[in-house]
Amino acid sequence: MAKSAEKDIIAILKQRVEKYEDKINIVDVGTVAEVGDGIARIHGLGSVGSNELLRFPGDIMGIAMNLEEEYVSAIILGEDSGIKEGDEVKATGRVAEVPVGASMIGRVVDALGRPVDGKGEIKTSSSRPVERIAPNVVSRKSVDTPVQTGIKAVDSMFPIGRGQRQLIIGDRSTGKTAVTIDTIINQKGGDLICIYVAIGQKASKVAQVVAQLEANGAMEHTIVVAANASDSVAMQYLAPYAGCAMGEEFMEQGKEALIVYDDLSKHAWAYRQMSLLLRRPPGREAYPGDLFYLHSRLLERAAKLDEAHGGGSLTALPIIETQAGDVSAYVPTNVISITDGQIYMEPDLFNAGIRPAINVGLSVSRVGSAAQIKAMKQVAGKLKLEMAQYRELAAFAQFGASDLDKATKNQLERGKRITEILKQPQFTPVPVDKQVMMFFAITNNYLDDVSVDDVKEFEPSFYNYMDRERSGICDSIIKERKLTPEIENELKEAIESFKSTFMVGKKK
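On a predicted model such as this, the values are computed, not experimentally measured, just so you know.

This part takes up the overall build of the protein. Helix and strand counts for the protein stand at 15 helices and 16 strands. Expressed along its principal axes, the backbone C-alpha trace of the protein runs to roughly 115 × 60 × 40 Å. Counting over 508 residues, the protein shows a buried share of 52%. A separation of at least 24 residues holds for 73% of the contacts in the protein among residues at least 6 apart in sequence. Just so you have it, the protein exposes about 23,500 Å², and 51% of that area is on carbon and sulfur atoms.

With that settled, the discussion passes to unusual backbone geometry. The residue after D262, namely D263, is reached through a cis peptide bond having omega -5 degrees. Cis geometry is found at the peptide bond from R355 to P356, where omega equals 0 degrees. On the secondary structure map, P356 appears in the loop between α9 (347-351) and β16 (364-365). Although it is not a glycine, A324 adopts a positive phi angle of roughly 50 degrees. The topology assignment puts A324 in the loop between β14 (313-321) and α8 (330-338). In the Ramachandran plot, F427 falls in the positive-phi region, its phi being about 65 degrees despite a non-glycine side chain. Mapped onto the fold, F427 is located in the loop between α11 (406-422) and α12 (432-443).

On to the layout of surface pockets. The computed volume of the largest pocket comes to approximately 570 Å³. S173, T177, Q201, K205 and D262 are the residues nearest the centre of the largest pocket, which is lined by 22 residues in total. Of the residues belonging to the lining of the largest pocket, the class tally is 5 nonpolar, 9 polar and 8 charged. For the lining of the second largest pocket, the secondary structure elements donating two or more residues are α12 and α14 (471-480). The element that contributes the greatest number of residues to the lining of the second largest pocket is α12, accounting for 3 residues. Of the residues belonging to the lining of the second largest pocket, the class tally is 7 nonpolar, 7 polar and 6 charged.

Taking 1.5 Å as the rise per residue, helix α6 (residues 264-277) with 14 residues should run 20 Å; its terminal C-alpha atoms sit 20 Å apart, in good agreement. Residue D263 occupies the N-cap position of α6, its side-chain oxygen lying 3.0 Å from the main-chain nitrogen of S265. Positive phi appears at R279, one or two residues downstream of α6, with a value of about 65 degrees.

This part is about the sheet that holds strand β12 (residues 222-227). Reading across the sheet, the 8 strands line up as β8-β12-β11-β13-β14-β10-β15-β16 and stay open at both edges, with mixed pairing between neighbours. With partners counted over all chains shown, the strands left at the sheet margins are β8 (108-109) and β16, one partner each. Inspection of the sheet shows β8 paired to β12 by 2 bridges, in the parallel sense. If you follow V108 over to β12, its bridge partner there is V224.

We now examine the sheet that holds strand β5 (residues 71-77). Pairing is antiparallel around the closed barrel formed by 6 strands, whose spatial order is β1-β2-β5-β4-β3-β6. This sheet shows a mean twist of 45 degrees between the axes of neighbouring strands, independent of strand direction. With 3 bridges joining them, strand β1 (residues 29-36) and strand β6 (residues 88-95) adopt antiparallel strand pairing. Directly across from V29, in β6, lies its bridge partner K90. Packing of helix α5 (residues 233-252) onto the sheet brings it into contact with β4 (60-67) and β5, and relative to β5 it is tilted by some 80 degrees.

Overall, the coordinates contain 36 salt bridges when judged by the stated rule. E131 is the partner of R297 in a salt bridge, and the nearest nitrogen-oxygen pair spans 2.9 Å. Of this pair, R297 sits in helix α7 (residues 291-299) while E131 sits in the loop between β9 (126-129) and α2 (152-157), and the two are 166 residues apart along the sequence. Between E307 and K141 there is a salt bridge, and its shortest N-O distance comes to 3.7 Å. Separated by 166 residues along the polypeptide, E307 in the loop between α7 and β14 and K141 in the loop between β9 and α2 bring together distant segments of the chain. Judged by relative accessible area, E307 falls into the exposed class, the value being 60%. Residue K141 is classed as partly exposed on the basis of its relative accessible area of 31%. Among the charged side chains, a salt-bridge network with shared partners connects R128, R132, E248, E249, E252 and R301.

The rules behind these values
Residues numbered from 1 in each chain as written. Predicted model: local features only at pLDDT ≥ 70, side-chain atom pairs only at ≥ 80, totals over all residues. Heavy atoms only, no water. Helix = DSSP H or I, 4+ residues; strand = E, 2+ residues; numbered from the N terminus. Buried < 20%, exposed > 50% of the residue type's maximum accessible area, 1.4 Å probe, protein only. Contact = heavy atoms within 4.5 Å. Areas by Shrake-Rupley, 256 points an atom, 1.4 Å probe, with all protein chains shown as cover. 1 Å grid on protein atoms, 1.4 Å probe; cavity = no way out; pocket = protein on both sides within 12 Å on 5 of 7 lines; lining within 4 Å. Points joined across faces, edges and corners; volume = space filled by probe spheres on them. Nonpolar A, V, L, I, M, F, W, Y, C, P; charged D, E, K, R; others polar. Expected span 1.5 Å × (residues − 1). Polar contact = N/O pair within 3.5 Å; in protein donor to acceptor, adjacent residues only side chain to side chain. Pairing = 2+ DSSP bridges. Axes fitted to C-alpha atoms, helices over the stretch in contact; angles between N-to-C directions. Salt bridge = Lys/Arg side-chain N within 4 Å of Asp/Glu carboxyl O.

Remember, this is a structural readout, not a statement about activity or role.
Encoded structure:
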């Protein structure tokens, strides 16, 4: 028995010796030399790469930013109070990444994709690096499909196309965020997945935005990425890239996505603070020299892909806050030169009650009518011309309205009515078919004899009449996407019929 047991032991030992593999797990390790203000200087880490994730004690993560001869400077993603001089830091061999996928929709997450809405864990198996090279020219397609914002002034005069980067710029409290929230709400029931990135906002404001989206049923197609003012500058710096990575996942699946960066001014401030703490040399307005690259590498990731690459799109709506209307400051000029147009929100118009307070003269869409349905092109061309002439004439008319000829007076009266039509309360997006019908009525002189005060009442009454009595015309516009002679004749007859009853009511 003893001999057989001995043989068994020898056989087992032989087997184990044959299977033995000498695995050496090499980990790049460094030591914290200095820590403070969310920045750590680390001695060692000889083979660490730029933007590589580092693991600090207590499972706190950091990102390697400056690779110097003696030290590596890293930003700490989280609370740095538990990190002290002499602590061991390990390189992970991974770059910063965030979870992505359909399970993120309807959730509020931080810059690392962790839920902050108290609704439990997000179950997703895939993740993407936050930094990525933008799609090249060959894989892109020209922008030709509209993002219907539901905002009459935008859809008619400054159309936004899928894959476009349209800047929204203006002083604080001029309705910039309102334009983007209305755009997100208008996508309800559509195929556009929306991502709202809040950078450096008050937590109460972000909660308010989420509540508005939920109240209007828009959170069903929206992801909110929040890096609040109370979060570290590292999180504020990462947030837009994290949101962009989430949007790219949908784009590369052939889906349509829209991302709002609210706002990139605060993102630039966070990057400036971070760069100065990293001891990078300051340049103009104390911003670092690579500020243009900071935003260009983010916004260039928005694209309309061709069919060979899935045909998806990512549309970007960056927001920039100006100081006293100064669009020639460093950050605004940078972002204006990167984007495909801008919508300028003017404080004077906002204070005068013209909302959305869009300045027609300074706003432009470089994609233009290529991103409009044909029906909108047919009515909006005249509208833009009318508004441009009205603004010009209104400036002259204030010097002496009594000396104006009849044609000029008519032009001014028409401009006043168009201005009334373009006014729009928040959270009330207008479908594109109704916009086309209303603009058709005003550009074909049907509102010339309706008083300016009655225009506000005329519009909702007209929409109700069309829904109730002539819904076939609305359906035809949506189906045909253009105004055929038959639709035009039906529309003219419907407008005349409605107007006759409306005007009789007014005479009483």
